[in-house]
Amino acid sequence: MSGALIRFPHATMSFSHLVFFFWVLVSRSYFLIICSASCLNNYIQHSNLQFEQKTDRFWEFQEQSNTWVEVELPYDLVSCVNDNCTKVGSIDQITENKEDHFERDNDVSTHTGSFKHKDSDRGGAEQNSEIVLPQRKRISLTRMSDTSIWITGESGSIYERFWNGVQWVIAPHDLPVSAGYAICVFIVNQTILALSEAGILYQMQLSESSQPIWVAFTPTLDSSTNKEAEESSGILINSGVVSHDGVRIYFCTKKGSLLELTEVNPPRWLDHGRPPGGNVAAIADAGTIRPEVAYTISSTGDLYEYDKSSKPSWKKHIWTAGMAEDVLRIPSTGYTINGLSGDYSSSLFLLTKGGKLVERRLHQRKWKWIIHGSPKDCQLTSITPVLQDESNENFSLFFTTSTGSIFEYRTQKYSGTALENQIPEAWLSHMHPPHAKAAKGITGLQLQIGRIIFTLDDGRLAELHLPGLGGETTAPNYQINVRRKVSHKYVWSILDAPETEGWNAEYCKQERGPTNCITGIKDEPNDSGITRAATRRRKGSQAQLDYLLAGASELINSSEGYNFPDNWINTNFRLRVMHGSRSFFLITDGGLTFEYLNTENIWLWLRHDHSTPMKGALGNYNGSLFFVDIYGSLLIRERSGNDLGWLNCTAMRKGKQVTGGPPWDGIPGKAMKVTAEDALFFVSKNGRLLQFTVALRKFIWKDCRNPPNTKVASIVDQELFRGNIVFVVGRNGRLYQYNKVTELWHKHYQSPHLILSRFPGTAMSSSSLSLTGSLFMLSEDGGLVEYHWNTGEGWKWVEHGTPNKGVTLITSPSPCFEGNLLFLIGSDGKVYMRYMDQMTWSWKNCGFPCIRQIKNEDRTQVGAEDKNEEFCIDKDISAGLEKDAENFSDLNGNCDLKVASTRPIPFSEDSVIFELRDGRLAEMRRVEETRWAWSRIIGTPSSCCMTNYWTTVAS
């Protein structure tokens, strides 16, 4: 029997309001249709509606148990006629990680409960308070040797975790961009193959310059006709398994057939077809029970055996009649062990779609099914086989549940143990690392006895190991002292992942030293650009405390009721650079938009008119500027041919009203890389993080939600400090991060007394060759706060305080220059520079652009507070500023040369623009390698201070 959902072209189905819904079950003996009482009337009345899936819950009727059983999604719809089954469609999950998911209007905190399966017949369903995790489709682990593990990440990247003799290092092996995302790696006969998400194989080869490159490895079958040759060249692969003897690979194709690679050099392919009435969705075993015999699972969950030496080649393993249990297997790799139940016995362990462990056992030439079940209220999703010490009388398998926990199943060897007489406490829970969950449905990897690697749902790795045996710093060939009684209590250690997954592991280097990609050398200097002395890397849970899984258990801070000032957007996004050194934009208090433009060495103001007043400029991408108007609509000002036009992004599908965007569009002096996945992030009016894809003008909105129990106040940094990571400040004054790859929120550890301001921040990176760097933000009480990362110490909070007593900082930090300098504005209207000189942070008072005031009044006052304080004054341009000050003097008192609280912007890699309190602008430039000075005052159309300027209207 197979279930099928019949899609009528004019039907609408809703979980909240069922217009009408057909569930059709097809078997050899009957045809059953269930619908609501008024479904036919509704179908006639609403014949112009389209089908739209709005629920994740579907049931099928099982003849064995005579009950309705909820199915696991995605679910293939199969039509069977005379034992010939073909897939006619599928039902996919409606989840947040799809662009077209059903949009929810409530905050994510209202959806943090369990995704519960209430059908008790399933047995393995999760009925506790934990959330069922999404299925990660690109993550895999492949073992090359004791010292080398290959990983594909959720980002589609490939990297190798390699022991270079001194420490574990990370080496990148990404497929070319044109190949797309990688989903797994195969290693056979010293040949490395990678499978892309598109179903194409690639082989790693050495180029003429001895550099590793990926080359397409296309299956080519022996063909007697041109048509067969053409079909074989178009074979796409879905997954694969290396044979038990390590010399062959079995693949299942996207069309559902079994393909075998018997030799690599030269390649020799065999197409074994598909079982009658079924297909090949996964390979459960490849040559472990008997050489050259494969066991496969169909998309409907049936187990097949393929033996090319027997007639017929395909055999179906039937579930024992009368066993009222979940009989359909998950299309995934199982685990086979020989001799578990006696000499010449074989056991193939599989998982059912209900999350139970079953065994197909061959003993004394007879096959039988054995049900091992599952831990209470848990649904098993993957099997991790482990080798045991020969002295161990028990046999163990490790399992990942749908909620990210790890369980160990123990049974005795040679006992013929069945469900009714298994050893006491057969299921042992190892939980999961603190503030992290194991990736659902991903098989782990045993490094050695007592050390098992698992992938985490957040993109990192975790090692489950015996105390003292594993972790980040332990070599792979560590030997256990057999004389000492070994503890069977496992502990967790977190292993970092590279920046492609949004984490902090740095790639290995070609230079001599401990991080060399081939052979590490101790005590060699590491030219990684680190500007601070590194200490020994923290281990295990100590490092894990930096990242706290943002969850419903957090208490709501009283600061959550923070109210933003009316001019918050204008203060933080009043100025925006368009083209460095040539053009920037200014939004006036009245909502007018002006561009300050240099054309043929003449500076002029260009007005950009729109029907609604603007509030701020939120971003700049590829020559287009993003604005927000007084209603919160996101608008693009862009050039189309010779004309300038406006594009309303909020009016697009799923468009939202916004209040903020990324603080900076890049780091001064560093070119930005344009990719096919580029997106800008914005903050919505209701405090959610929004992703707006802009690459190739394929504009797509995505709701990234917000951390549980708090809303997003502002974006601190978008992918400048760490790739694929957006740092935000919550309205509760806490720091969070959003991972673009895994779509997960994390909360960073923060002292309870440290409350951050709701202003944007800035990123500082000391070198493009290192991930070492800092995020700079303001505290709620007006002090400068640094959140610093380096490999030696991990994350560390540093409070820089204020430049002087009685002076607080009133707006966001400026962008970072040269990795060691940034500007801040004090409550006294002066600019202060915070810079690092010879590993020591110092303050410098740059005042405001009026030399006489600094000379006569402020130098005396500030100098009394700090004798070592310096001033940003340049003799060559001081005379010009004096003349400007005289020309701009106003008897009516409209001129005020002190600096306003508007966030400054970088105009070039050696220039920064500030707004003065009278509405004019002032530029500060670098005049020497380490010296900055005020260079000019710029009159603006919004200033009441008498100023000459040129203005025109853009068209």
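Going by the structure above, here's the rest.
Residues numbered from 1 in each chain as written. Predicted model: local features only at pLDDT ≥ 70, side-chain atom pairs only at ≥ 80, totals over all residues. Heavy atoms only, no water.

A. Spotlight on the overall build of the chain. What the chain contains, in helices and strands, is 6 helices and 64 strands. With 955 residues in all, the chain has 56% of them scored as buried. Pairs at least 24 apart in sequence give 53% of the contacts found in the chain among residues at least 6 apart. Accessible surface, the chain: about 43,200 Å² in total, of which carbon and sulfur atoms supply 50%. (Helix = DSSP H or I, 4+ residues; strand = E, 2+ residues; numbered from the N terminus. Buried < 20%, exposed > 50% of the residue type's maximum accessible area, 1.4 Å probe, protein only. Contact = heavy atoms within 4.5 Å. Areas by Shrake-Rupley, 256 points an atom, 1.4 Å probe, with all protein chains shown as cover.)

B. Quick look at the sheet that holds strand S10 (residues 158-163). An order of S8-S9-S10-S11 is seen for the 4 strands of this open sheet, with the pairing classed as antiparallel. Whereas interior strands pair on both sides, the edge strands pair on one side only; in this sheet they are strand S8 (140-145) and strand S11 (168-172). Within this sheet the neighbouring strands show an average axis-to-axis angle of 25 degrees, counted without direction. In the sheet, S8 pairs with strand S9 (residues 148-152) via 5 bridges, with the strands oriented antiparallel. Within S9, the residue paired with Arg143 across the bridge is Ile149. (Pairing = 2+ DSSP bridges. Axes fitted to C-alpha atoms, helices over the stretch in contact; angles between N-to-C directions.)

C. View of the environment of Val280. On the secondary structure map, Val280 appears in the loop between strand S19 (267-273) and strand S20 (282-286). Sequence separation between Val280 and Tyr295 is 15 residues; the distance between their C-alpha atoms is 9.6 Å. Residues in contact with Val280, not counting those within four places in the same chain, are Cys252, Thr253, Gly256, Ser257, Leu258, Gly273, Pro275, Thr296, Ile297 and Trp314.

D. View of the environment of Lys670. Positionally, Lys670 belongs in the loop between strand S45 (658-660) and strand S46 (679-684). Sequence separation between Lys670 and Glu818 is 148 residues; the distance between their C-alpha atoms is 9.9 Å. Apart from the residues lying within four places of it in its own chain, the contact partners of Lys670 are Ser765 and Ser768.

E. Spatial organisation of the packing of aromatic side chains. Under the defined criterion, the tally for this structure stands at 44 aromatic pairs. Taking the centre distance of 5.5 Å and the plane angle of 10 degrees together, the rings of Phe692 and Phe699 count as stacked. Feature note: the residues Phe584, Phe594, Tyr596, Trp603, Trp605 and Phe907 constitute an aromatic cluster, connected by ring pairs. When the ring centre of Trp664 is taken as origin, the NZ or CZ atom of Arg903, which lies over that ring, is 4.3 Å away. (Phe/Tyr/Trp six-rings, centres within 6.5 Å; stacked < 30°, edge-to-face > 60°. Lys NZ or Arg CZ within 6 Å of the ring centre and 35° of its normal.)

F. Local environment of the pattern of salt bridges. Scanning the model with the defined rule gives 31 salt bridges in all. The partner of Arg248 in a salt bridge is Glu260, with the nearest N and O atoms 3.0 Å apart. Note that Arg248 is positioned in the loop between strand S16 (237-242) and strand S17 (249-253) and Glu260 in strand S18 (residues 258-264), a separation of 12 residues in sequence. Residue class for Arg248 comes out buried when judged on its relative accessible area of 7%. By relative accessible area, Glu260 is classed as buried at 2%. Across the pair Glu793 and Lys796 runs a salt bridge whose closest N-O atoms are separated by 3.4 Å. (Salt bridge = Lys/Arg side-chain N within 4 Å of Asp/Glu carboxyl O.)

G. The arrangement of the pairing of strand S43 (residues 634-640) in detail. For S43, the tally of buried residues reaches 5 of 7 residues, placing the bulk of the element in the interior. Note: strand S42 (residues 624-629) against S43, 4 bridges, orientation antiparallel. Its bridge partner lying in S43, Val628 is registered against Leu634. In sequence, S42 turns back onto S43 through a hairpin of 4 residues, with Gly632 there showing a positive phi of about 90 degrees. Summarising the sheet, S43 and strand S44 (residues 643-648) pair through 6 bridges and their orientation is antiparallel. Among the inter-strand pairings, Arg637 is bridged to a residue of S44, identified as Trp646. Hairpin remark: S43 followed by S44, antiparallel, with 2 residues in the connecting loop; positive phi at Gly641, about 70 degrees.

H. Spatial organisation of the sheet that holds strand S48 (residues 700-703). Read from one edge to the other, the open sheet built from 4 strands follows the order S45-S46-S47-S48, with strand pairing classed as antiparallel. Where the open sheet ends on each side, the last strands, each with one partner, are S45 and S48. Pairwise comparison of adjacent strand axes, ignoring direction, gives a mean angle of 45 degrees for this sheet. Where S46 meets strand S47 (residues 689-693), 5 bridges bridge the pair, whose relative direction is antiparallel.

I. Spotlight on the pairing of strand S32 (residues 445-448). Alignment of S32 against strand S33 (residues 451-455), held across 3 bridges, turns out to be antiparallel. From the neighbouring strand, Leu445 faces S33, where its bridge partner is Ile453. Connecting S32 to the antiparallel partner S33 that follows it, the hairpin turn spans 2 residues, and Gly450 within it adopts a positive phi of roughly 90 degrees.

J. Looking closely at unusual backbone geometry. Cis rather than trans, the peptide bond between Asn265 and Pro266 has omega equal to -5 degrees. Here Pro266 is to be found in the loop between S18 and S19. The step from Lys311 to Pro312 runs through a cis peptide bond, and the omega angle for that step is -5 degrees. Position of Pro312 relative to the elements: it lies in the loop between strand S22 (303-307) and strand S23 (314-317). Even without being a glycine, Leu696 presents a positive backbone phi close to 55 degrees. The phi angle at Glu719 is positive, at roughly 60 degrees, despite the residue not being glycine. Its place among the elements puts Glu719 in the loop between strand S49 (712-718) and strand S50 (725-730).

K. Highlighting the nonpolar core. Ranked by size, the top nonpolar core spans 48 residues in total, and within it Phe584, Trp605, Phe727, Leu775 and Ile913 carry the most contacts. Leave out the neighbours within four places in its chain, and Ile913 touches Leu575, Phe584, Pro904, Ile905, Phe907, Leu921, Ala922, Glu923 and Ile938. Counting residues in hydrophobic clusters, the runner-up holds 32 residues, among them Trp568, Cys649, Leu680 and Trp841. (Core = buried A, V, L, I, M, F, W, Y, C linked by side-chain atoms within 4.5 Å.)

L. The state of the cysteines, seen in detail. The full count for this structure, using the stated rule, is 2 disulfides. With its sulfur 2.0 Å from that of its partner, Cys508 forms a disulfide with Cys517. Taking the torsion about the S-S bond as the criterion, the Cys508 to Cys517 disulfide, at about 100 degrees, is right-handed. Note on Cys517: relative accessible area 15%, which makes it buried. A disulfide-free cysteine, Cys252 has its sulfur positioned 9.7 Å from the sulfur of Cys184, the nearest such atom. Under the relative-accessibility criterion, Cys252 is labelled buried at 0%. (Disulfide = S-S within 2.5 Å.)

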